[in-house]
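# Structural overview
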Amino acid sequence: MNQFSRSAAASQLYVTPKSVFDYVVIGSAGAYLLLSFTQAWSSPRASLIAAMILGVNGIVSLFGLKIALARSYLLFVVFFVFNLLFLAVAPLQQIGNDFDPILADVSLVVPASLLCAFMTIVGLCFVIYRPFRTPEPRPNRFLDRSLAAEPNPNYTLLAAASIVVSLGLVGYLGPSLLQVNREAFGSVVGESKMINILVTAFFRPFTLVAPVIGASVALARRNTGWVTCFAVLLLAGLFINNPLISARFRSSTLIVFCVLAIFGPRNVRLFLVTYFAGLLASPIFGSIFRYANVSLDQRPFSQFFVHPDFSGLDLFCYAIMWVEMKGLEWGSNIMGALLFFVPRDLWAGKGRTVGEIMHDYIFILKGFGTDNVSAPPPIEGYFSFGIVGAMLMSVAIVYVLDRVERRGFAAQRLSPLYFILCLSPMLCMILLRGPFQVGWSEWAIHSSTVLASAVMLLLTKRAVYIPAPPSIRRGSMPETSQK
């Protein structure tokens, strides 16, 4: 890189917000962080050192969010919002409101807070360093080429697959699609884990992802008839992916995908508005639309994150205690996540998630009813290899986010990587929230719906060569034809 390009990159390090929206977001988030910090600081049982570390983590997250917003770094906007809310604001409010006694243990909460802050700093380093890196090349490969530029897209096959899957799901799920909460929906679907994963993570999203991709390509090629066809299929996909009976991260994944597929993944401010709207509505979907016979979850704004849904730091403290008592997992939880597609029947020693391993220990103490708990990347790494594992896991996750985002931005519009990037923000959020096995598997399976749709569009019809009979090849005619 020459001196001029380095100077240009250096001039972009401290980019000021480009709109009033950025000032409002950063200012409001900073004020809310300060409110949460005063709660923790005024608590008689709080560790002031941990509160200060969490406050600094929030400030670093705000600085990273400022840069990511100005440069339209979609996945890093997600990253810094997560670190701000889950690893700064939420634990500060929980410390201030005595959410869990373990947060008052200085020997546990201080190292946990430091390792969470380390992950935030790693993300900030990647964002600052990106202008100095060589621009990502734009290879002309399957994942990078625009699907609209391909000759004769096979709309028929994609539409037929979408219709077949939609009808199959309507027939399989039946009246459960009309339920108004996830508990009732789950009782109708059944308890087969493999079938539930295929239905909820692939087939149901496919009924919405495929029409969106088909409609986008048809609209770019001005194929009006197919745009109408896929629009009708999209309505069916919205019905099948009823948000009242779907996990919140799956519903938000598809909602954000539709928004970004229309307006583009560079519209990070539109994404942020969509995310905050969903965040404010999350208590409704986490109570009356999640369980039967429960009252509406109503929390004051100053205690919005004092809830098990935002447990992260307290679970980290329990993980540190578990490692001290039982020892390290030596990568079994991480390998089990990376090889999620291997059935446990074939791999008896397959690693389990952090929540599954500590189930009998923390769930009796905290009263959780599920093992799908928060386990951000530092927890997964610490569980396997201690402090070094927590640091390496943080670096690895940030590297993956950076790589996916750069490849997505370098790819052509309406390419498979473009659509995968549009699908990724809320999957990135669940990957950061954890457990790693859930986040990684959901991201991989959801992305496979994009790849399946792209492959179907590219399977063009080919003429089949049928050899002529020997008599015709010799130039003679059948006897009946001569007469």
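Going by the structure above, here's the rest.
## Focus on the side chain of S72
Mapped onto the secondary structure, S72 falls in the loop between α3 (48–71) and α4 (74–96). A distance of 3.5 Å separates a polar atom in the side chain of S72 from the backbone oxygen of R266.

## As for a nonpolar patch on the surface
Together, W41, L48 and M52 make up a nonpolar patch on the protein surface, roughly 300 Å² of accessible area in all. Relative to the assigned elements, W41 resides in helix α2 (residues 20–42). A relative accessible area of 41% means that W41 is categorised as partly exposed.

## Notes on the environment of F206
With respect to the helices, strands and loops of the structure, F206 is situated in helix α8 (residues 193–220). Counting along the chain gives 31 residues from F206 to G237, while the straight-line C-alpha distance between them is 8.1 Å.

## Describing the packing of aromatic side chains
One pair of aromatic rings is described through two measures. These are the centre distance and the angle between the planes. Under the definition given, this model contains 23 aromatic pairs. Ring-pair connections join several aromatic residues into one group, and the members of that group are Y32, F82, F86, F304, F305 and F310. When the ring centre of Y73 is taken as origin, the NZ or CZ atom of R130, which lies over that ring, is 4.0 Å away.

## Some thoughts on α3
Given a rise of 1.5 Å per residue, 24 residues ought to cover 34 Å, and the 35 Å separating the end C-alpha atoms of α3 matches this to within 8%. Here α3 lies mainly inside the structure; 18 of its 24 residues are buried.

## Overview of unusual backbone geometry
The peptide bond linking G434 to P435 adopts the cis configuration, its omega dihedral lying at 0°. Positionally, P435 belongs in the loop between α18 (425–433) and α19 (436–458). Phi at S72 takes a positive value of approximately 60°, unusual for a residue other than glycine. Its identity is not glycine, yet N152 carries a phi of approximately 55°, on the positive side.

## Side note on the pattern of salt bridges
One pass over the structure, following the stated rule, counts seven salt bridges. For R130, the salt bridge goes to D402, with nearest N and O atoms at 2.8 Å. Placement of the pair is R130 in the loop between α5 (106–129) and α6 (155–173) and D402 in helix α16 (residues 377–410), with a sequence separation of 272 residues. Since its relative accessible area comes to 10%, R130 is described here as buried. Here R250 ties to E442 by a salt bridge, and the two come within 2.4 Å at their closest N and O atoms. Taken as a pair, R250 in helix α10 (residues 248–263) and E442 in helix α19 lie far apart in primary sequence, 192 residues in all. Comparing R250 with E442 shows no difference in burial state: the two are buried. Taken together, the salt bridges that share partners define one network made up of R130, D402 and E405.

So, how was this worked out
Residues numbered from 1 in each chain as written. Predicted model: local features only at pLDDT ≥ 70, side-chain atom pairs only at ≥ 80, totals over all residues. Heavy atoms only, no water. Helix = DSSP H or I, 4+ residues; strand = E, 2+ residues; numbered from the N terminus. Polar contact = N/O pair within 3.5 Å; in protein donor to acceptor, adjacent residues only side chain to side chain. Patch = residues over 30% accessible without salt bridge, like charges linked within 9 Å, V, L, I, M, F, W, Y side chains within 5 Å. Areas by Shrake-Rupley, 256 points an atom, 1.4 Å probe, with all protein chains shown as cover. Salt bridge = Lys/Arg side-chain N within 4 Å of Asp/Glu carboxyl O. Buried < 20%, exposed > 50% of the residue type's maximum accessible area, 1.4 Å probe, protein only. Phe/Tyr/Trp six-rings, centres within 6.5 Å; stacked < 30°, edge-to-face > 60°. Lys NZ or Arg CZ within 6 Å of the ring centre and 35° of its normal. Expected span 1.5 Å × (residues − 1).

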